[in-house]
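Coordinates in review
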Amino acid sequence: MNLLIVDSMTWTITILGWFIVFVALVFLIAVFNTIPKILNWDTKRILRKKRGVEKGTIKNEDLIISGETNAAIAMALSMYFNELHDEESNVITIKEVKRRYSPWSSKVYGFNNVNFPR
Amino acid sequence: MKRIITLFGVFSVLLSLQFIGGGFEAHAAEAGVVDQFLNNANNGLDTFWKFTGFYNLMQSPSNLIMIAVGLFFIFLAIKYDYEPLLLVPIGTGVILGNIPFAEGYQIGLYEEGSVLNYLYFGVQQGVYPPLIFLGIGAMTDFSSLISNPKLMILGAAAQVGIFATFFGASALGFTPQEAGAIGIIGGADGPTAIFLSSKLAPTLMGAIAIAAYSYMALVPVIQPPIMRLIIPKRERLIKMKPPRAVSKTEKIMFPIIGLLLTTFISPSALPLLGMLFFGNLLKESGVTERLADTARNSMINIVTILLGITVGASTQADYFLTTDSLKIFGLGAVSFMVATAGGLLFARLMNVFLKGDKKINPLIGAAGVSAVPDSARVVQHEGLKNDPNNHLLMHAMAPNVSGVIGSAVAAGILLSFLL
């Protein structure tokens, strides 16, 4: 059967084909909208347990952190860790200087070893 | 002096030995052979002349046109930087494939047993496109798509170009299989176009591949006017909120779930989608960095060279310079425009249902055609033209990569309908 300029098969493939592409991607959208909710479920549970937050008060949007926020946190952590020093004893000491024997200032060598006439 | 004379004497005796025992008669006969020798030399030269490209060019002067096309591709790639990684191998391939030669000596691409024919096997049997998809998967970051999955729908909307071209090609009198292969040009995806045309219409593959790659290279020329025509200035200024950070678990789950879902819906696209998601899993798993590195560098480069040169060489003038090729080029241009317009219009339609800061900048709809990453780059460029602080690249990558998935699914659907 010819509908307009092409046969019915062409119409079928055109419409159905595009529709299936849509369905496939809508299906993917549905799945990827659900996955964060499932992953956040455990985080919510931990928050409720540790911080005593009441059920229903945490929204999924609250758990979403934007890339900018992440970058700011990472920057702050990096700066904090860079400024840290090694742990020290807090005892300030002055090292005692030990002079070793040095012949150049020896008194012995300063004498003139001459025999006085008697 | 005496010694020299003795030596000379010995040499002359040795030389005269050849004339002993009928040697004189043979020498006399040789004088008559000179003519024959000259004849043979003439024949040899004639045979050599018939083997040269100059002689064969007289038999098929149309090859010169294709050589000019090849040179033009190389010029475009080097001078204007239009997809040089594709146009240089394809342009050189076009020149290679159109050097006139004497047939029957296993030289040409279409002659069984020739070197080029062996390399062409990968194109004919659709081996190269999935390998390219493996590399694309290993180099693509899907996080913008995962963070805002609704943008995936734009990738589906832009596939209208494929089906509109399929319809148009059918109306122009192509067989359904040929129309399907031509339609995939609208997907703006070279490997997918080659994969589908190698299965559905091998005879048109050269024209389809050249059309697909040429228009992909011309995305920065084709898309901006359509964007300005369809999207009003006010909507081009919309700023989108930054995408959320995506966890590693989500990134790993994406290729696995994507693979399962899309291939269950369209198993015919298994070689393409399977490799795409496999490549992405190699990248995101974090434990196969060496494999991912090979897939996205060495391997994709090798396959691109082989694919480019053989697709270019497949455009021998006798097969390529036909009215069908002209029609294919015309349909290809229309399909690109329809695909771009489809994405843009759907983005505007989406905005009707979205509220507040969830509204999207409709320009990103143009990135739904899967010319990765050129169309996303064009969107970024257009966005910056209207507002120098509006960076749309990350947002545009979402419909862009979903366009790759969408066009592969569409190819699978056309295969299952038409094969």
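Residues numbered from 1 in each chain as written. Chains lettered and ligands numbered in written order. Predicted model: local features only at pLDDT ≥ 70, side-chain atom pairs only at ≥ 80, totals over all residues. Heavy atoms only, no water.

Comments concerning the overall build of chain A
Under the convention used in this document: In this text, helices come from DSSP runs of H or I with a minimum length of four residues, and strands from runs of E with a minimum of two, each type numbered from the N-terminal end. Categorising residues by exposure relies on relative accessible area from a 1.4 Å probe, with only protein chains included: less than 20% of the type maximum marks a residue as buried, more than 50% marks it as exposed, and the intermediate range marks it as partly exposed. Using the Shrake-Rupley algorithm and a 1.4 Å probe, accessible areas are obtained, with residue cover drawn only from the displayed protein chains.
From N to C terminus, chain A includes three helices and two strands. Helices and strands in chain A line up, N terminus first, as β-β-α-α-α. Taking all 118 residues of chain A together, the buried fraction comes to 18%. Counting only carbon and sulfur atoms, one obtains 60% of the accessible surface of chain A, whose full area is about 10900 Å².

Notes on the environment of A313 of chain B
Residue and element names in this part refer to chain B. Heads up, the rule is: Here, residues are in contact when the closest pair of their heavy atoms is within 4.5 Å.
Along the polypeptide, A313 turns up in helix α18 (residues 289–313). C-alpha of A313 to C-alpha of I210: the two residues are 103 residues apart in sequence and 11 Å apart in space. In this view, A313 contacts G93, V94, G97 and L109; residues no more than four positions away in its chain are not counted.

Digging into the pattern of salt bridges
All names here are of chain B. Operational definition: Any carboxyl oxygen of Asp or Glu that lies within 4 Å of a side-chain nitrogen of Lys or Arg is treated as forming a salt bridge with it.
Counted under the stated rule, the structure contains nine salt bridges over all chains. Salt-bridge contacts for E382 lead to R228; the nearest nitrogen and oxygen are separated by 3.1 Å. Of this pair, E382 sits in helix α21 (residues 374–386) while R228 sits in helix α14 (residues 219–230), placing them 154 residues apart in sequence. Judged by its relative accessible area of 2%, E382 falls in the buried class.

Description of unusual backbone geometry
Residues and elements named next belong to chain B. Although it is not a glycine, D81 adopts a positive phi angle of roughly 60°. Inspection of the secondary structure puts D81 in the loop between α4 (63–80) and α5 (84–97). What makes D81 exposed here is its relative accessible area of 56%. Backbone geometry places A188, a non-glycine residue, at a positive phi of 55°. Turning to its location among the elements, A188 is positioned in the loop between α11 (176–183) and α12 (190–200).

Focus on the confidence of the model for chain A
Short version of the rule: Scored from 0 to 100, pLDDT records how confident the predictor is in each individual residue.
When pLDDT is averaged across chain A, the result is 78; 80% of the residues are at 70 or more. Confidence, expressed as mean pLDDT per element, reaches its minimum in chain A at strand β1 (residues 2–3) of chain A with 54 and its maximum at helix α3 (residues 67–83) of chain A with 86.

A short note on the packing of α21 of chain B against helix α22 (residues 393–418) of chain B
All names here are of chain B. Basically, it comes down to this: Here the axes come from fitting lines to C-alpha atoms, over the contacting stretch only for helices, and the angles between their N-to-C directions go from 0 to 180 degrees. Take the far helix as your reference; a near helix turned counterclockwise from it by less than a right angle gives a left-handed crossing, and one turned clockwise gives a right-handed crossing.
Following both chains from N to C, one finds α21 and α22 inclined at 145°, their axes separated by 9 Å at the closest point. Our pair here, α21 against α22, has a crossing hand that is right-handed. Here α21 contributes S375, A376, R377, V379 and Q380 to the contact with α22, which in turn contributes L393, A396, M397 and N400.

Concerning a nonpolar patch on the surface
Defined as follows: Like-charged residues within 9 Å of one another, or nonpolar side chains (Val, Leu, Ile, Met, Phe, Trp, Tyr) within 5 Å, are grouped into patches, provided each residue has over 30% relative accessible area and no salt bridge.
There is a patch of nonpolar side chains on the surface, built from I65, I73, L77, Y80, F81 and L84 of chain A and spanning about 600 Å² of accessible area. Tracing the backbone shows Y80 of chain A in helix α3.

Examining the packing of aromatic side chains
The geometry of an aromatic ring pair is captured by the separation of the ring centres together with the interplanar angle, meaning the angle of the planes. Put simply, the rule is: Two rings from Phe, Tyr or Trp (for Trp, the six-membered ring) form a pair when their centres are within 6.5 Å of each other. A pair whose planes differ by under 30 degrees is stacked, one over 60 is edge-to-face, and the rest are tilted.
Counting across every chain of the model gives 16 aromatic pairs over all chains. With a centroid separation of 6.2 Å and an interplanar angle of 70°, the aromatic rings of W49 of chain B and Y55 of chain B are classed as edge-to-face. According to the relative accessible area criterion, W49 of chain B is partly exposed, its value standing at 37%. On the accessibility criterion, Y55 of chain B (23% relative accessible area) is partly exposed. Put simply, the rings of F32 of chain A together with F142, F254 and F277 of chain B touch in pairs and so form one group of aromatic residues.

Here we look at α18 of chain B
Quick reminder of the rule: Given a helix with a known number of residues, its expected span is that number minus one, times 1.5 Å. The quantity called bend is, for any residue, the angle between two axes fitted respectively to the seven residues ending at it and the seven beginning at it.
When the terminal C-alpha atoms of α18 of chain B are compared, their 35 Å separation across 25 residues agrees well with the 36 Å that a helix rising 1.5 Å per residue should span. In α18 of chain B, a bend of some 40° at A295 of chain B exceeds every other bend along the element.

Thoughts on the side chain of S266 of chain B
Residues and elements named next belong to chain B. Put simply, the rule is: Pairs of N or O atoms are called polar contacts if they sit within 3.5 Å, as long as, within protein, a hydrogen donor faces a hydrogen acceptor (for residues adjacent in sequence, only side-chain-to-side-chain pairs).
Within the secondary structure layout, S266 lies in the loop between α16 (248–265) and α17 (270–285). We classify S266 as buried; its relative accessible area is 2%. Looking at S266, its side chain comes within polar contact range of the main-chain oxygen of V409, at 3.4 Å. Apart from residues lying up to four places away in sequence, S266 is in contact with V409, G412 and I413.

Describing the interface of chain B and chain A
Rules: Summed over both partners, buried area is the accessible surface (1.4 Å probe) that two parts give up on being assembled.
Taken together, the contacts link 39 residues of chain B with 31 residues of chain A. A combined buried area of about 3100 Å² lies between chain B and chain A, and 88% of that area is made up of carbon and sulfur atoms. Ranking the residues of chain B by area buried against chain A places F163, F167 and F417 of chain B at the top, with a combined share of 19%. Counting across the chain B and chain A interface gives zero salt bridges. For the interface between chain B and chain A, the tally reads one residue pair in polar contact (both at pLDDT 80 or more). At the level of secondary structure, the elements contributing two or more residues to the side of chain B that touches chain A comprise α9 (152–157), α10 (160–171), α16 and α22 of chain B.

Some words on the environment of D141 of chain B
All names here are of chain B. By the element assignment, D141 lies in the loop between α7 (128–139) and α8 (143–147). Take D141: its relative accessible area is 33%, and that puts it in the partly exposed class. Among the polar contacts made by the side chain of D141, one reaches the side chain of S143 at a distance of 2.9 Å.

Some remarks on the confidence of the model for chain B
Residue and element names in this part refer to chain B. Per-residue confidence for chain B gives a mean pLDDT of 87, with 94% of residues at or over 70. Within chain B, no element has a lower average pLDDT than helix α1 (residues 2–16), which sits at 68, and none a higher one than α17, at 94. Predicted complex metrics record ipTM = 0.77 and pTM = 0.78.

Description of the packing of α5 of chain B against helix α13 (residues 205–217) of chain B
Residue and element names in this part refer to chain B. In plain terms, the rule: The classification used treats Ala, Val, Leu, Ile, Met, Phe, Trp, Tyr, Cys and Pro as nonpolar, Asp, Glu, Lys and Arg as charged, and all other residues, Gly among them, as polar.
For the pair α5 and α13, the least separation of the axes is 11 Å and the interaxial angle reads 145°. The handedness of the crossing between α5 and α13 is left-handed. Together, L86, L87, I90 and V94 of α5 and I210, Y213 and A217 of α13 make up the contact between the two elements. Here the contact of α5 with α13 is built from residues that sort into seven nonpolar, no polar and no charged.

Here's the deal with the environment of H395 of chain B
All names here are of chain B. Position of H395 relative to the elements: it lies in helix α22. The buried category is assigned to H395, whose relative accessible area is 8%. Separated by 155 residues in sequence, H395 and M240 have C-alpha atoms that sit 8.0 Å apart. Every residue in contact with H395, bar those within four places of it in the chain, is listed here: L151, M240, K241, P242, P243 and I364.

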